[in-house]
Amino acid sequence: HNAGGGELEEGTASNMGAEQANATEKKEKKRRRDNAEEAEDTFLPVSNIARVMKKALHSDTVVARETIEAVQVFLSEMVMVVVGEATQHSLDENRRAIRAEDILWALRQLGMEVYNQPLNEYLHAYQMHPTKK
């Protein structure tokens, strides 16, 4: 009778272990889902990306939704990397505000200096127009 009780305890311990593993797995899935939703909150708007992509393509070119979403993820990550680098640069210079020059500096540091000229041209044009208050 004791041996049967031991098996019951073993089976109960085994079930408890499986339940605990299942609960841990559920928590991990929820954490991943929450992280994915949080990441999506930081993505650039897909409609804007689609509009820019369509302007750059031939008029009869069709772009698959998953392609636009892949570009959305890539561009969002790229922006976060550049802004992160610029933020660190401004903090290293004891500034809390990021300036356009910090973005240009970050692009150079990340090997993306090819984008500096078009951004400089945009900044120059932007600075030529007084802001409305």
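Residues numbered from 1 in each chain as written. Predicted model: local features only at pLDDT ≥ 70, side-chain atom pairs only at ≥ 80, totals over all residues. Heavy atoms only, no water.

What to know about the overall build of the chain
Here comes step 1: The secondary structure content of the chain amounts to 5 helices and 0 strands.
Here comes step 2: Along the chain direction, N to C, the helices and strands of the chain fall in the order α-α-α-α-α.
Here comes step 3: Put simply, the chain has 133 residues, and 14% of those count as buried.
Here comes step 4: As presented, the chain carries roughly 10900 Å² of accessible surface, and 56% of it is formed by carbon and sulfur atoms. (Helix = DSSP H or I, 4+ residues; strand = E, 2+ residues; numbered from the N terminus. Buried < 20%, exposed > 50% of the residue type's maximum accessible area, 1.4 Å probe, protein only. Areas by Shrake-Rupley, 256 points an atom, 1.4 Å probe, with all protein chains shown as cover.)

Quick notes on the environment of Asp60
Here comes step 1: As for its position among the elements, Asp60 is in the loop between helix H2 (46-56) and helix H3 (65-92).
Here comes step 2: A residue is classified by how much of its surface remains accessible, and Asp60, at 58% relative accessible area, is exposed.
Here comes step 3: For Asp60, the side chain forms a polar contact with the side chain of His58, separated by 2.4 Å. (Polar contact = N/O pair within 3.5 Å; in protein donor to acceptor, adjacent residues only side chain to side chain.)

Structural notes on the packing of aromatic side chains
Here comes step 1: On inspection of all chains with the given rule, the structure shows 1 aromatic pair.
Here comes step 2: Where Tyr122 meets Tyr126, the ring centres are 6.1 Å apart and the plane angle is 25°; that geometry is what we call stacked. Note that Tyr122 and Tyr126 are positioned in helix H5 (residues 116-128) at a spacing of 4 residues, about one turn of the helix. (Phe/Tyr/Trp six-rings, centres within 6.5 Å; stacked < 30°, edge-to-face > 60°.)

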